[in-house]
Amino acid sequence: MANKVFHVMYDDDQKLMDAAKSLVSQGIRVKEVFSPFPIHGLDPVIGIKRTRLAICSFMYACTGTALSILGTWYFMVSDWNWNIGGKPNFTWIENAPAFVPVMFEFSVFCGAHGMAITYLLRNGTLPGMPASNPDPRTTDDKFVMEITTDDNHLSASDLEAKIRATDVYELNIKDY
Amino acid sequence: MFKESNLRKPLILGHKTYGDITNDIVNPIMGAAPKQWKIAITIAFIVALYGVGCIFYVVGVGIGSWGLNKTVGWAWDITNFVWWVGIGHAGTLISAVLLLFRQRWRMAINRSAEAMTIFAVIMAAVFPLLHMGRIWCAYWTLPLPNTLGSLWPNFNSALMWDVFAISTYFSVSLVFWYIGLIPDFASIRDKMTNHPMRKFYSILSFGWSGRAKHWTRFEEVSLVLAGIATPLVFSVHSIVSMDFATSIVPGWHTTIFPPYFVSGAVFSGFAMVQTLLLIMRKVMKLEAYINLRHIEYMNIVIIVTGSIVGVAYLTELFISWYSGVEYESYAFINRFSGPLAWSYWCMMTCNVISPQLFWFKKLRTSLSFTFFMSIIVNIGMWFERFVIIVTSIHRDYIPGAWGEFKATSIDIGLFIGTIGIFFTLFLLFSRYFPVLALNELKTILKTSGESYKKEGSH
């Protein structure tokens, strides 16, 4: 028997949420949800873990701080110690207050861009990528839940019966 | 789910559904351009062309074409630079600071305010780049390995900090704006199933599909970017103010400058947002989304920041006397009674006195008065920078070196031209980009939409 994928469409985020809770409580695994906006509270229901992007951003920002310290030390102290108004830069620490703005800006620069690039790569959302939402209405006002027979131990007909028991707007079943 | 009190007026008027929100934004993009838009962009484009002509002229003949002289070495160029950067600040404040404070009213205005930020910062960058004289050497401000010996930029200089601040601010704002735009481009893409522009939006939307995990990441990225853009926005204008404050010129050398500049920036930025949005909501028929509640909140921000600016003006005046330094005192006496006193009093009237009228609810909820005031505030804030810059340096320590500044036609052309370029870019944005954050507005429809609020009150 061919594996089947169910694209269950709802016309309201709350209906999808209620359906997801009901199906998950019956041991059914919801593979994916496509929605036009973030549905708050859905992630723990369908088993999505919290993203670690914020940690990434912190690490990128720390890299930026380190690089800016290294850069200001090299440019202003090591390679050619500047003498400004009779106040030469012999050590980095003596001039550190003057470098704080650049250190801050560079940390923000690395933190923001590093995270943004990681975000786009992890999502696979890059220029020229094809869209993979099952129905164009999911970026407008419809909400689709993707459930496969592959992920669940139920037969296609049992699964369909349980899905139809929720407040479904439209159901598409495909072989894959 | 978040619950909003029924006492609060709705943010989305009328009986809107999720589909209506998409249609209200996408249909104008798919349809023919309105006549008013065509007229507006034609005028803006002509002014922009004049500006581009002036830019080429300055690059060709040099900044001798400006009215600068031995005494007044900084004038309209830096005035315009600070003015434009200041305008940009409202966009980041709305999208980042108000996001952190969970202010839902920002959702209708953040997209266009961020666009304004980006275009304003581009306009700002024109002036220091031109002031370098040799714009093709602009990359010398970056610490690049070079063949000129150990020649590195001076990281002790506030001007160098500015290079880092402005470039970080611009690029981070751009990324913040674009990441928010991606899901909305996808909405346009999916609406335009048989439209010749579909391919264009398909590329812009980066293949966004609205998966649950992607939305989780999206919200996290937005929050973290808001978190780091908030200190960024404060740092940028603080650093701009340090261009002056770290010098030893009387009238510039004051510790009050950073907070004073930041509040002035937000003040002028919100005024520009009002100018743009009051026109845009009318032309694009967005009255249901950008309504009186938004306008009133922005006017409240204007009165708060305007009052902070007013206090700063009086404080620096008091301190100049209290310091006992005669040069410092003279700088300020010269400001309000010297040959450029007219600009000082113009600044005082526009920035301190007239925004106080917003204490009257009737006035701050009047669209025509708000529009009028937004123009007044922008004029006032331009004069603030002019007063700080030109009146502080036109009379030096040696009376024999005292000078006057007279703007040339190129000075004026450049300033007016950047306004033309700015409006051209903004009009293009309002025509082809989703002017409201669709995905964010949909999240507040059930809590702040008029029909849902009515249902909830029964």
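If you're wondering where the values come from, they're calculated on a predicted model, not measured in any experiment.

Asker: I tried to follow the overall build of chain B on my own but got confused; where do I start?
Answerer: Across its full length, chain B holds 16 helices and 0 strands. Its C-alpha atoms give chain B a radius of gyration of 23 Å, near enough to 23 Å, the size a compact globule of 458 residues would have. By its C-alpha atoms, chain B is 75 × 55 × 40 Å across when sized along the principal axes. In chain B, which comprises 458 residues, the share counted as buried stands at 52%.

Asker: Is there a simple way to think about the overall build of chain A in this case?
Answerer: Looking only at helices and strands, one finds 5 helices and 6 strands in chain A. Listed by position from the N terminus, the elements making up chain A come as β-α-β-α-α-β-β-α-β-α-β. A compact globule built from 176 residues would reach a C-alpha radius of gyration of about 16 Å, whereas chain A, at 26 Å, exceeds it by more than 25%. Taken along the three principal axes of its C-alpha coordinates, chain A extends 85 × 30 × 30 Å. When burial is assessed residue by residue, chain A has 39% of its 176 residues classed as buried. Within chain A, contacts between residues separated by at least 24 positions form 73% of all contacts whose residues are at least 6 apart in sequence.

Asker: Please explain helix α3 (residues 76–100) of chain B as it appears in this structure.
Answerer: The α-helix advances 3.6 residues per turn, and as a result positions three or four apart in sequence lie on the same side. Residue and element names in this part refer to chain B. With 25 residues, α3 extends 36 Å between its outermost C-alpha atoms, agreeing within 8% with the 36 Å of an ideal straight helix rising 1.5 Å per residue. Of all the bends in α3, the largest measures some 40 degrees and sits at Leu93. Trailing α3 by a residue or two, Arg102 shows a phi angle of about 55 degrees, which is positive.

Asker: Explain the interface of chain B and chain A here, please?
Answerer: Put simply, an interface is often sized by how much accessible area is lost when its parts join up. Contact residues are listed per partner, giving 52 residues for chain B and 57 residues for chain A. Residue assignment for the side of chain B that touches chain A shows that the elements contributing at least two residues are α1 (18–30), α5 (158–191), α7 (212–245) and α15 (438–448) of chain B. The element best represented in the side of chain B that touches chain A is α7 of chain B, accounting for 16 residues. Its residues placed into classes, the side of chain B that touches chain A shows 25 nonpolar, 18 polar and 9 charged.

Asker: Before we go on, may I ask you to explain the pairing of strand β6 (residues 170–175) of chain A in this structure?
Answerer: Residue and element names in this part refer to chain A. In terms of burial, β6 is a largely surface element, 0 of the 6 residues being buried. As defined by bridge partners, strand β1 (residues 4–10) adjoins β6 across 6 bridges and the pair is classed as antiparallel. Bridge pairing in β6 links Val8 to Leu171.

Asker: How should I be thinking about the environment of Ala265 of chain B in this particular structure?
Answerer: All names here are of chain B. With respect to the element layout, Ala265 can be found in helix α8 (residues 257–283). Once the C-alpha coordinates of Ala265 and Met298 are considered, the two residues, 33 residues apart in sequence, prove to be 14 Å apart. Those residues in contact with Ala265 that lie beyond four places of it in its chain are Gly86, His89 and His237.

Asker: How should the confidence of the model for chain B be read in this particular structure?
Answerer: As a note on interpretation, predicted positions should not be read in detail where pLDDT is low. The pLDDT averaged across chain B works out to 89; a share of 98% of its residues lies at or above 70. Reported confidence for the predicted complex is 0.92 by ipTM and 0.91 by pTM.

Asker: What should I look at first to understand the sheet that holds β1 of chain A in this one?
Answerer: In a beta sheet, neighbouring strands pair by backbone hydrogen bonds and run either parallel or antiparallel. All names here are of chain A. With respect to topology, 4 strands assemble into an open sheet ordered β2-β5-β1-β6, the strand pairing being antiparallel. Only two strands of the sheet have a single neighbouring strand rather than two, namely β2 (32–34) and β6. Sheet twist, expressed as the average angle between the axes of neighbouring strands with direction ignored, equals 20 degrees. The sheet strands contacting helix α5 (residues 156–164) are β1, β5 (143–148) and β6, and the helix crosses β1 at an angle near 5 degrees.

Asker: What is the right way to read unusual backbone geometry from this model?
Answerer: Excluding glycine, a negative phi dihedral is what most residues carry, and trans is how most peptide bonds are arranged. Residue and element names in this part refer to chain B. Non-glycine residue Arg102 carries a positive phi angle of around 55 degrees. You can see Arg102 is positioned in the loop between α3 and α4 (110–131). By the C-beta count within 10 Å, which is 8 here, Arg102 ends up exposed. Despite not being glycine, Phe206 shows a phi value in the positive range, around 55 degrees. Note on placement: Phe206 falls in the loop between α6 (198–204) and α7.

How each quantity is defined
- Residues numbered from 1 in each chain as written.
- Chains lettered and ligands numbered in written order.
- Predicted model: local features only at pLDDT ≥ 70, side-chain atom pairs only at ≥ 80, totals over all residues.
- Helix = DSSP H or I, 4+ residues; strand = E, 2+ residues; numbered from the N terminus.
- Rg over C-alpha atoms; globule rule 2.2 N^0.38 Å.
- Buried ≥ 20, exposed ≤ 12 C-beta atoms within 10 Å, placed from the backbone.
- Contact = placed C-beta atoms within 7 Å.
- Expected span 1.5 Å × (residues − 1).
- Bend = angle between axes of the 7 residues up to and from the residue.
- Nonpolar A, V, L, I, M, F, W, Y, C, P; charged D, E, K, R; others polar.
- Pairing = 2+ DSSP bridges.
- pLDDT = per-residue confidence, 0-100.
- Axes fitted to C-alpha atoms, helices over the stretch in contact; angles between N-to-C directions.

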